[in-house]
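These are the residues of each chain, in order.
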Amino acid sequence: GRTVRPLSFSVENRGRIRSIRGMSRPWAERIRSLTSFIIASVIIPPASISKTSNNVIKSDESGNGCPNELEMRPREIWKWRGGLPIRPNAVQSRVRPMSRDDIPRLRSCKIQEDPFVVTYTSDFYEWYVERFSSLCWVVESTESSEIIGYVLAKFEGNPLKAHVTAIAVDSRYRRKGLARSLMDAVEIEADRHKCNFIDLFVDPSNRNAFNLYERRGYKIYRRVYDYYGLEKDALDMHKALSIDSLKISERAGRDVHTKDMERESIY
């Protein structure tokens, strides 16, 4: 076989090492720039309601720490050593509680053009806003005052849980953390009201929505047959909150048909 011998530091070899180092430096800079770009554009989390984000949470007048309004500011330009400056999130928006004045705008905004979004009646929205105002939120553009996202949720059941009825974001503003911020608002309120868990239904063919919930820790609890119509099933997903430390609510349940489900209210 081959014999391996150490490299001798002769004058000839020293020159050879210097030339290799000199040639590798530009490649190292290129690799460093590429790595910085990938880290900044993929790994950096979007805006959310966490303490580490640069958003501003405004509490209500009672001072109980309930998030009353969230102003989402563009992220700062990330400058990496040896890399490229990354463009910040261009969306300037705020997450705030939904009001009755938002309903006409909500029913006519561009969100309703999405095939996965259901356009509800005005009474439907009013029913949620009047009874569960702390779980109904909208994302409003601070530039055009246009509603570009919303979420409807409610409290129900015994033990108490929060159910996400609908969440949608304008297709022009997706992949910018808006849906995450809406879910953050609901989860914070549900946890504050001592809910055991949050549940929601999702169409298995809506991969973007399913992936969002899965990344946030939601687990498939059961399949609901014919929920969206004949042979159009839904996945019932659960996420345990802090009061359910053993995550009992996330354990898989038995599949059920829509007609056998117990309805706690008309909505």
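For the structure itself, look to the data block above.
Report on the accompanying structure.

### Focus: the environment of Arg174
- Structurally, the position occupied by Arg174 is in the loop between β6 (161-169) and α4 (178-192).
- Among the residues examined, Arg174 registers a relative accessible area of 34% and is labelled partly exposed.
- Between the C-alpha atoms of Arg174 and Ile148, which are 26 residues apart in sequence, the distance is 9.5 Å.
- If we ignore the near neighbours within four places in the chain, the residues touching Arg174 are Asp114 and Val169.
- At 2.3 Å, the side chain of Arg174 forms a polar contact with the side chain of Asp114.

### Some words on the nonpolar core
- With 52 residues, the main nonpolar core has Tyr150 and Tyr213 as its most contacted residues.
- Residues Phe201, Val224, Val256 and Met261 belong to the second largest nonpolar core, which totals five residues.

### Some thoughts on the packing of aromatic side chains
- In the structure shown here, the tally under the stated rule is 12 aromatic pairs.
- Relative to Tyr125, the ring of Phe124 lies with its centre 6.2 Å away and its plane at 90 degrees, an arrangement referred to as edge-to-face. For the residue pair Phe124 and Tyr125, the accessibility class agrees, reading buried in each case.
- Counting every residue linked through ring pairs, the aromatic cluster contains Tyr120, Phe124, Tyr125, Trp127, Tyr128, Phe132, Tyr150 and Phe155.

### Some words on unusual backbone geometry
- In this structure, Pro159 follows Asn158 across a cis peptide bond, with omega equal to 10 degrees.
- Assignment of secondary structure puts Pro159 in the loop between β5 (147-156) and β6.
- A positive phi angle, near 65 degrees, is found at Lys194, a position not held by glycine.
- By secondary structure assignment, the location of Lys194 is in the loop between α4 and β7 (197-202).
- Taking the relative accessible area as the measure of exposure, Lys194 reaches 58% and is therefore exposed.
- One non-glycine residue, Asp226, adopts positive backbone phi at about 60 degrees.
- By secondary structure assignment, the location of Asp226 is in the loop between β8 (219-225) and β9 (234-240).

How each quantity is defined
- Position numbers for residues start from 1 in each chain and track the written sequence from start to end.
- The predicted origin of the model limits local features to residues at a pLDDT of at least 70 and limits the giving and counting of side-chain atom pairs to 80 or more, whereas totals for whole chains, interfaces and linings rest on all residues.
- Each side-chain value is derived from all of the structure's non-hydrogen atoms; neither hydrogens nor water enter the calculation.
- Counting from the N terminus, the helices are DSSP H or I runs at least four residues long and the strands are E runs at least two residues long.
- Accessibility here uses a 1.4 Å probe with only protein chains present; expressed as a share of the type maximum, an area under 20% marks a residue as buried, one over 50% as exposed, and anything in between as partly exposed.
- Residues count as neighbours in contact if any of their non-hydrogen atoms are within 4.5 Å of one another.
- Nitrogen and oxygen atoms within 3.5 Å of one another constitute a polar contact, given that in protein one can donate a hydrogen and the other can accept it, and given that sequence-neighbouring residues count only through two side-chain atoms.
- In these notes, a set of buried Ala, Val, Leu, Ile, Met, Phe, Trp, Tyr and Cys residues joined through side-chain atoms within 4.5 Å is what counts as a nonpolar core.
- To pair, rings of Phe, Tyr and Trp, with the six-membered ring standing in for Trp, must have centres within 6.5 Å; the planes then decide the type, stacked if under 30 degrees apart, edge-to-face if over 60, and tilted in the middle.

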